[in-house]
Amino acid sequence: MSAIIVLGLVLLVLMVLVGGKQGFQSFLSLVLNFGFLFFAIVLMAFHFPPIVVTLISGVILLALTIFLSGTNDETSRLAFIASVLVLLALVLLIVPVEHWAQVQGFGLEDSDDLEGLSLPIGISFIDIAISTAILSTLGAIAEATMAIASGLDEIKEQHPDIKPNRLFFDGVYVGKQIIGTTLNTLFFGLFGGSLSLFVWFHGLSYSLGDILNDKVFDAEFIIILFSLIGVIITIPITSFVITEQFKNQKQTKS
Amino acid sequence: MGNLLKKFPIKMVGIFALIGVALMFFVSHDDFLYTQPIMQIQKVEELSKNKEIDTFQNVDHSYVQKLSGVITNGKHKGEHITLNNTYTDSKAMDKKYKVGQKAFVVLHGQGESTIRDAKRDTPVVFLIYLAIALMFIFLKMAGITAIGSIIINTILFMVALYFDGFNNGSNVLWIFSILAVLFSAITLWLVIGWNRQMFVTLASTVACTFLSIIISLIVFKFTHEKGIFYESMQYVTQPPRPLFLAETIIGSLGAVMDESTDIISSLFALKMERPDVSRKQLFLSGRNIGKSIMGPLINVLFFIFMGETLSMTLLFLKNGNSWGYSFSMNMSLGMVQSLISGIGIVLAVPVASGLTSFFAEKRRK
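Just so it is clear, the structure is predicted and the values come from calculations on it, not from any experiment.

*Asks:* Looking at this structure, how should I read the overall build of chain B?
*Replies:* Within chain B one finds eleven helices and five strands. Taking 2.2 N^0.38 as the reference for a compact globule, 365 residues should give roughly 21 Å; the C-alpha atoms of chain B span a radius of gyration of 26 Å, well beyond that estimate. When its C-alpha atoms are laid out on the principal axes, chain B stretches across 85 × 60 × 45 Å. With 365 residues in all, chain B has 52% of them scored as buried. For chain B, the share of sequence-separated contacts (at least 6 apart) that also reach a separation of at least 24 residues comes to 66%. Approximately 16,800 Å² of chain B is accessible, and the part contributed by carbon and sulfur atoms is 65%. If the 33 positive side-chain charges of chain B are averaged to one point and the 24 negative ones to another, these points end up 11 Å apart.

Below, the structure written as structure tokens:
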């Protein structure tokens, strides 16, 4: 049997043992995420516009991740709305910056892997780079909105008569606690994912200037920065969405 | 809403905007820092356009443009040069230049020169600055600690790379395993402080990361690593298998730390509030906290590991390869990495809860 399938089964068993039904749902979301991601790539190969495909599948992927891992439906709903808003804000940043930085496609370091492949395939690699950036940030956005939403949910439950404005600042406070560890998740992801590239840079004694202008490095680095910016703006946006909802709820009650 | 607006730190935003403008001006005029000649493009003339169809019936167009500009640094500063640049619609390894852009060029003498690549430090510095500024504005002190830990970890990472270079990567796994422990210790020290809670978190992080690697090695042994194509690893200058494992250890470390920190800090807070809580209750509430965050966390790494394979997978598909082959050659390693880190993240739930319920209990006696 293939190692990937066995590793997947080990993960499934562990997730069910630890999380029960919720663990099974989280595993299911991982499988479905992979399915949708691969489906999106195939659609792009059939010349569907990459950014449109990515935006639609991005919203689906956020929904899958958030609704299948959440416990409380109301919290998940708010987290989902917030995450879509964050995604839209990020797209407004990603599209111009990717056009500016021009890190699409492949770099000189890729030459060996590209041997024998035909490059002019008639699909804009700038659009593909934008899609890559959007897809890569989805996980971080979903995680951050979930964390803040459930943190605020906890507070709402314990202090039902909290003032809405107070709730907003509590959201920022919860955000402060998660930002340190989320930053680490992202940067260790970068260090780990690009380790062989860094070894390459070191072996060929690239200077700081070389690395800062290197297409392959920049492509990965700006994606991590997009995710980071996404997590930061998630904090006020999620707090705002939940505060507004809380205000409305109070008004309809009284 | 009015209240929120009143608290908006308009002064701080103004200061950051001013510094930002100055920084951007500097970075877009920092050509004198580079040794390679940089050209600023002043005139662009489109010369020709050709239709191209490759063996897989992909239709594209290739264009030739004539670029004239001036060298902005080095001993050729001020010289005018003219050169041709070819680009395609897909722009996989080429790009279309526009007036005002800067690019690195290679001068061959006798007026001959070729364009190498765009100068892209300005957008990168812009994004770094934007991230740091947002962090300060929204998070104040928490932002400073977070950035501090990133800077220290980057320095450590460079030291590890230096040691790795000594013997052509034969010790890569050991070097980066030690680095992983150092990374966790320093980061947790900065985030939590030097106390019992930090040691419990450190123990949980290190244990789960290595446990997930050991489990994977056992799986590798029994499946004879079927379906894992180390030859598809990119940028390899060393034996790929240990390098791949080192990548996985470092890559999953952050997420395992994230999960452990969340569980253990909540449990220590619970213990402070209600010192009479039993071991079993602590363990169970740790499991409750952990199981809701493990799913989203695994997805964070999944999207990072899989996202970066998009361009290459697409290129494979458009070059007449089957779905299965395109997956194996590009996405299988990212998939294995996601699964291994997933195992580490899930293990962190019982391990972090267990360690806390054991050690938090002890202190009371």
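Don't stop here, the text continues.
*Asks:* Is there a simple way to explain the packing of aromatic side chains in this structure?
*Replies:* The description of an aromatic ring pair uses the distance of the two centres, along with the angle that the planes make with each other. Per the counting criterion, the structure on display carries 31 aromatic pairs over all chains. Centroid distance Tyr230(B) to Phe244(B): 5.7 Å. Interplanar angle 70 degrees. Geometry classified as edge-to-face. One end of the pair, Tyr230(B), is in the loop between helix H6 (196–223) and helix H7 (240–273); the other, Phe244(B), is in helix H7, and 14 residues separate them in sequence. One exposure class covers both Tyr230(B) and Phe244(B), and it is buried. The structure contains a cluster of three or more aromatic residues connected by ring pairs, namely Phe188(A), Phe191(A), Phe198(A), Phe201(A), Tyr206(A), Phe217(A), Phe221(A), Phe157(B), Phe176(B) and Phe183(B). Positioned above the aromatic ring of Tyr97(B), the side-chain terminus of Lys95(B) is 4.3 Å from the ring centre.

*Asks:* Explain empty space enclosed by the protein here, please?
*Replies:* Where empty space is left can be seen by rolling a probe of water-molecule size over the atoms. Applying the stated criterion across every chain yields a total of one cavity of 30 Å³ or more. What the largest cavity holds in volume is close to 80 Å³. Ser136(A), Gly189(A), Leu190(A), Glu220(A), Ile223(A), Ile224(A), Ile304(B) and Glu308(B) together form the lining of the largest cavity. Counting only elements with at least two residues in the lining of the largest cavity, the list comes to helix H6 (164–193) and helix H9 (215–253) of chain A. In terms of residue count, H9(A) provides more of the lining of the largest cavity than any other element does, three residues in total. Tallied by class, the residues present in the lining of the largest cavity amount to four nonpolar, two polar and two charged.

*Asks:* Before we go on, may I ask you to explain the interface of chain B and chain A in this structure?
*Replies:* Note: interface size is frequently given as the accessible area lost on complex formation between the parts. Counting residues at the interface gives 122 residues for chain B and 116 residues for chain A. The largest per-residue losses of area from chain B upon contact with chain A belong to Arg120(B), Tyr235(B) and Phe303(B), which jointly make up 8% of the total buried on that side. Counting across the interface, chain B meets chain A through zero salt bridges. In this structure, the connection of chain B to chain A is made through 28 residue pairs in polar contact (both at pLDDT 80 or more). Among the elements that take part in the side of chain B that touches chain A, helix H8 (residues 279–307) of chain B stands out by supplying 17 residues, more than any other. Its residues placed into classes, the side of chain B that touches chain A shows 71 nonpolar, 29 polar and 22 charged.

*Asks:* In this structure, what is going on with the pattern of salt bridges? I would like to understand it.
*Replies:* Side chains that differ in charge, positive against negative, can pair when their charged atoms come close. As enumerated under the stated definition, the model contains nine salt bridges over all chains in all. Ionic pairing is found between Arg166(A) and Asp170(A), a salt bridge with its closest N-O pair at 3.5 Å. Taken together, the positions of Arg166(A) and Asp170(A), both in helix H6 and four residues apart, correspond to about one turn of that helix. In this structure Asp170(A) comes out as buried when scored by relative accessible area, which is 12%. The salt bridge partner of Asp31(B) is Lys119(B), with a shortest N-O separation of 3.9 Å.

Criteria and thresholds
- Residues numbered from 1 in each chain as written.
- Chains lettered and ligands numbered in written order.
- Predicted model: local features only at pLDDT ≥ 70, side-chain atom pairs only at ≥ 80, totals over all residues.
- Heavy atoms only, no water.
- Helix = DSSP H or I, 4+ residues; strand = E, 2+ residues; numbered from the N terminus.
- Rg over C-alpha atoms; globule rule 2.2 N^0.38 Å.
- Buried < 20%, exposed > 50% of the residue type's maximum accessible area, 1.4 Å probe, protein only.
- Contact = heavy atoms within 4.5 Å.
- Areas by Shrake-Rupley, 256 points an atom, 1.4 Å probe, with all protein chains shown as cover.
- Lys, Arg positive; Asp, Glu negative; His and termini not counted.
- Charge placed at Lys NZ, Arg CZ, Asp CG, Glu CD.
- Phe/Tyr/Trp six-rings, centres within 6.5 Å; stacked < 30°, edge-to-face > 60°.
- Lys NZ or Arg CZ within 6 Å of the ring centre and 35° of its normal.
- 1 Å grid on protein atoms, 1.4 Å probe; cavity = no way out; pocket = protein on both sides within 12 Å on 5 of 7 lines; lining within 4 Å.
- Points joined across faces, edges and corners; volume = space filled by probe spheres on them.
- Nonpolar A, V, L, I, M, F, W, Y, C, P; charged D, E, K, R; others polar.
- Buried area = accessible area lost by both parts, 1.4 Å probe.
- Salt bridge = Lys/Arg side-chain N within 4 Å of Asp/Glu carboxyl O.
- Polar contact = N/O pair within 3.5 Å; in protein donor to acceptor, adjacent residues only side chain to side chain.

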